[in-house]
Amino acid sequence: MFKKILIRAFILSFSLSQLLADSDIEIYGQITKIDNAQKIISLSSANREIIVQVLPHTKLKGDDCGIFGKDTREEFSALKTGMFVEVEALPQANGSLVAKSIEWECRQKSY
């Protein structure tokens, strides 16, 4: 009996973790507005504006931005209007989006 309960609890916790993991969304876009006071960025993506809340625990990463092309961890002030970014966000119950991570590339492309 105890073994069945343990197995069911494991299956339930695994199912819930998969469900929560699948709730993340990825957004690719260009930063059009930055609200420094509210820590909100607006992105232009697929011909529409998407507003994303940036929290203190949001991971900000510049790909190939450091010395010898190393990735760098950044602060909110590193975000600039016009940057192309990839945002991993969590949808909230009220319909807003909260950023888990924001990444951008620093290295210039050949074309």
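Structure first, text after, so check above.
Residues numbered from 1 in each chain as written. Predicted model: local features only at pLDDT ≥ 70, side-chain atom pairs only at ≥ 80, totals over all residues. Heavy atoms only, no water.

Section: the overall build of the chain
Thinking step 1. Summing up its helical and strand segments, the chain has 1 helix and 6 strands in all.
Thinking step 2. Along the chain direction, N to C, the helices and strands of the chain fall in the order α-β-β-β-β-β-β.
Thinking step 3. Across the 111 residues of the chain, 25% fall into the buried class.
Thinking step 4. Total accessible area on the chain is roughly 8300 Å²; 57% of this is exposed by carbon and sulfur atoms. (Helix = DSSP H or I, 4+ residues; strand = E, 2+ residues; numbered from the N terminus. Buried < 20%, exposed > 50% of the residue type's maximum accessible area, 1.4 Å probe, protein only. Areas by Shrake-Rupley, 256 points an atom, 1.4 Å probe, with all protein chains shown as cover.)

Describing the environment of Glu88
Thinking step 1. For Glu88, the location among the structural elements is in strand 5 (residues 84–91).
Thinking step 2. For Glu88 and Lys100, which are 12 residues apart along the polypeptide, the C-alpha to C-alpha distance reads 5.5 Å.
Thinking step 3. The contacts of Glu88, once residues within four sequence positions are left out, are Asp24, Ile25, Val98, Ala99, Lys100 and Ser101. (Contact = heavy atoms within 4.5 Å.)

So, the pattern of salt bridges
Thinking step 1. Per the stated rule, a full pass over the model turns up 5 salt bridges.
Thinking step 2. Where Asp63 meets Lys61, a salt bridge forms, and the shortest distance between an N and an O atom there is 3.5 Å. An identical accessibility class is assigned to Asp63 and Lys61; each is buried.
Thinking step 3. For Lys61, the salt bridge identified is with Glu103, shortest N-O distance 3.9 Å. Of this pair, Lys61 sits in strand 3 (residues 48–63) while Glu103 sits in strand 6 (residues 97–105), and the two are 42 residues apart along the sequence.
Thinking step 4. You can call Lys61 buried: its relative accessible area is 18%.
Thinking step 5. Judged by its relative accessible area of 24%, Glu103 falls in the partly exposed class.
Thinking step 6. Counted as one network, the salt bridges with shared partners bring together Asp24, Glu88 and Lys100. (Salt bridge = Lys/Arg side-chain N within 4 Å of Asp/Glu carboxyl O.)

Quick look at the side chain of Asp63
Thinking step 1. Checked against the element boundaries, Asp63 lands in strand 3.
Thinking step 2. A residue is classified by how much of its surface remains accessible, and Asp63, at 16% relative accessible area, is buried.
Thinking step 3. In this structure the side chain of Asp63 is engaged in a polar contact, spanning 3.5 Å, whose partner is the side chain of Lys61. (Polar contact = N/O pair within 3.5 Å; in protein donor to acceptor, adjacent residues only side chain to side chain.)

Looking at the nonpolar core
Thinking step 1. In this structure, Val52, Val87 and Ile102 are the most contacted members of the largest nonpolar core, which totals 18 residues.
Thinking step 2. For this core, the secondary structure elements donating two or more residues are strand 1 (25–35), strand 2 (40–45), strand 3, strand 5 and strand 6.
Thinking step 3. Ile102 has contacts with Ile41, Val54, Thr58, Lys59, Leu60, Lys61, Leu79, Val85, Glu86 and Val87, leaving out every residue within four places of it along the chain. (Core = buried A, V, L, I, M, F, W, Y, C linked by side-chain atoms within 4.5 Å.)

With respect to the pairing of strand 2
Thinking step 1. Pairing geometry for strand 1 and strand 2, over 5 bridges, is antiparallel. The partner of Gln30 across the bridge, within strand 2, is Ser44.
Thinking step 2. The hairpin turn running from strand 1 into strand 2, its antiparallel successor, is 4 residues long, and Lys39 in that turn takes a positive phi close to 55 degrees.
Thinking step 3. In terms of strand pairing, strand 2 meets strand 3 through 6 bridges, oriented antiparallel. Following the sheet pairing, Ser45 is matched in strand 3 by Arg48.
Thinking step 4. The turn joining strand 2 and strand 3, which pair antiparallel and follow one another in sequence, is formed by 2 residues; a positive phi near 50 degrees is taken by Ala46. (Pairing = 2+ DSSP bridges.)

These values are about where atoms sit, not about what they do.
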